[in-house]
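Each chain is listed here by its residues.
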Amino acid sequence: KRVYDADRPALAAKARGFQVSDHVVELLQPTGPGALYDEMMRSGEGIRSTVIGVADLAKAQAHFEGKGLPIIAGTLPESFAIAPEANFGLLFEFAHKP
């Protein structure tokens, strides 16, 4: 069941959230040139990133920094990501989940 539509201007994308059991899965589609479009042209269709909701964003970021992983800005407000080169080319993002 679709539960939301949202713009993701940082990626030049449109997001759609779907309820799957007790989780929400978000799918993105590019709306024009941008990071998502460039990635899809480079690698084809598939999984670009996984966003994991966390209760304490600062604690999660400190944990991964403590492990020596490179941290970059996430694509959502109140988020961060582990750089793709440290994660087999995939972007693992972490966002605040109240």
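Check the entry above for the structure.
Small disclaimer: the values here were computed from a predicted structure and weren't measured.

The subject of this paragraph is the nonpolar core. Counting residues in hydrophobic clusters, the biggest one holds seven residues: Val54, Leu57, Ala60, Phe64, Phe80, Ile82 and Phe94. Secondary structure elements with two or more residues in this core: α2 (57-66) and β6 (79-82). For this core, the element with the highest residue contribution is α2, accounting for three residues. Excluding residues that lie within four positions of it along the chain, Leu57 makes contacts with Glu78, Ser79, Phe80, Phe94, Ala95 and His96.

What follows deals with the pattern of salt bridges. Evaluated as defined, the whole model comprises four salt bridges. Among the salt bridges present, the one from Asp7 reaches Lys14, with a minimum N-O distance of 3.8 Å. Residue classification places Asp7 among the exposed residues on the basis of a relative accessible area of 55%. Here Arg8 makes a salt bridge to Glu26, at a shortest N to O gap of 2.7 Å. Within this pair, whereas Arg8 is found in strand β1 (residues 2-8), its partner Glu26 is found in strand β3 (residues 23-30), the two being separated by 18 residues in sequence. Taking relative accessible area as the criterion, Arg8 reaches 16% and is therefore assigned buried. Judged by its relative accessible area of 29%, Glu26 falls in the partly exposed class. One network of salt bridges, with partners in common, ties together Arg2, Asp5 and Arg16.

Spatially, three strands are ordered β1-β2-β3 in an open sheet, and the strand pairing comes out antiparallel. The two strands at the open ends of the sheet, each matched to only one other strand, are β1 and β3. Direction aside, neighbouring strands of the sheet carry axes that sit 25° apart on average. In this structure, β1 lies alongside strand β2 (residues 13-20), joined through six bridges in antiparallel fashion. Looking at β2, one finds that Arg8 is bridged to Ala13. Across the sheet, helix α1 (residues 35-43) is in contact with β2 and β3; its angle to β3 comes to roughly 80°.

Moving on, we come to the packing of aromatic side chains. In total, this model carries three aromatic pairs according to the counting rule given. Here Phe64 and Phe80 contribute two aromatic rings whose centre-to-centre distance is 6.4 Å and whose plane-to-plane angle is 55°, an arrangement assigned as tilted. Note that Phe64 is positioned in helix α2 and Phe80 in strand β6, a separation of 16 residues in sequence. Its relative accessible area of 2% is what places Phe80 among the buried residues. An angle of 35° between the planes, with centres 4.8 Å apart, marks the rings of Phe64 and Phe94 as tilted.

Conventions adopted
- Residues numbered from 1 in each chain as written.
- Predicted model: local features only at pLDDT ≥ 70, side-chain atom pairs only at ≥ 80, totals over all residues.
- Heavy atoms only, no water.
- Core = buried A, V, L, I, M, F, W, Y, C linked by side-chain atoms within 4.5 Å.
- Buried < 20%, exposed > 50% of the residue type's maximum accessible area, 1.4 Å probe, protein only.
- Helix = DSSP H or I, 4+ residues; strand = E, 2+ residues; numbered from the N terminus.
- Contact = heavy atoms within 4.5 Å.
- Salt bridge = Lys/Arg side-chain N within 4 Å of Asp/Glu carboxyl O.
- Pairing = 2+ DSSP bridges.
- Axes fitted to C-alpha atoms, helices over the stretch in contact; angles between N-to-C directions.
- Phe/Tyr/Trp six-rings, centres within 6.5 Å; stacked < 30°, edge-to-face > 60°.

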